[in-house]
Amino acid sequence: MSIRADTEGKAYDDINVTPMVDLYLVLLLIFIIMTTAGLQGLKVHLPSESAATSLAKKKIQAITIANDGSICLNTVPVTLDELQQRLSEQKALSPDFPVVVRGDSAAQYKGVMDVLNVCAKLGILQVSLATKPLKG
């Protein structure tokens, strides 16, 4: 630290921060090297996925309610009872699968609620409602 005088003769302090910045950069470099070296870990042979688990992957079930009240499960027209039966069969295969409900904007609200009630009755937890994004 040095004390200098300005043009009016008043003293002011001047701190040279360059060595401090050099120290911070060296410390940052050390931390970067140490964290990447610590992530290497031990080499292990990871198990590969078997064919049986790939067959039971989660498949999204799409339920569409048209404006006339008809219901489709993955483009196949179904009644409410058939929908419940097919979803329960899917739940038996994989208990945690996602469902997307697509209701026509002109459809009756009761149709959408009936489908949501079937999902709730079966204990399906991953239910999404599909919408179009707002313009603007």
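Because the structure is predicted, anything quoted here is derived from the model rather than measured.

Calculation criteria
Residues numbered from 1 in each chain as written. Predicted model: local features only at pLDDT ≥ 70, side-chain atom pairs only at ≥ 80, totals over all residues. Heavy atoms only, no water. Helix = DSSP H or I, 4+ residues; strand = E, 2+ residues; numbered from the N terminus. Buried < 20%, exposed > 50% of the residue type's maximum accessible area, 1.4 Å probe, protein only. Core = buried A, V, L, I, M, F, W, Y, C linked by side-chain atoms within 4.5 Å. Contact = heavy atoms within 4.5 Å. Pairing = 2+ DSSP bridges. Axes fitted to C-alpha atoms, helices over the stretch in contact; angles between N-to-C directions.

Points about unusual backbone geometry
Most of the time, phi is negative for any residue but glycine, and the peptide bond is trans. The residue Asn74 is not glycine, and still its phi comes out positive at about 55°. In this fold, Asn74 is placed in the loop between strand S4 (71-73) and strand S5 (76-78). Look at Asn74 and you get partly exposed, because its relative accessible area is 27%. Here Thr75, not a glycine, exhibits a phi torsion of approximately 70°, which is positive. Here Thr75 is to be found in the loop between S4 and S5. Relative accessible area serves as the criterion here: at 72%, Thr75 is assigned to the exposed category.

What about the nonpolar core?
Counting residues in each nonpolar core, the largest one holds 17 residues, and the members touching the most others are Ile63, Leu83 and Leu87. Going through the elements one at a time, strand S3 (61-65), S4, helix H3 (80-93), strand S6 (99-103) and helix H4 (109-122) are the ones with two or more residues in this core. A per-element tally of this core places H4 first, with 5 residues. Sequence-distant contacts of Leu83, defined by excluding residues within four places in its chain, comprise Ile63, Ile71, Leu73, Val78, Val115 and Val118.

Focus: the sheet that holds S5
Strand order in the open sheet formed by 5 strands is S5-S4-S3-S6-S7, and the pairing between neighbours is mixed. Two strands in the sheet have a free side with no partner beyond their single neighbour: S5 and strand S7 (127-129). Shown here is a sheet whose adjacent strand axes are inclined to one another by a mean of 25°, direction ignored. Sheet analysis places S6 next to S7, joined by 3 bridges and oriented parallel. Bridge pairing in S7 links Val100 to Ser128. Sitting on the sheet, H3 is in contact with S3, S4 and S5, with an inclination near 115° to S5.

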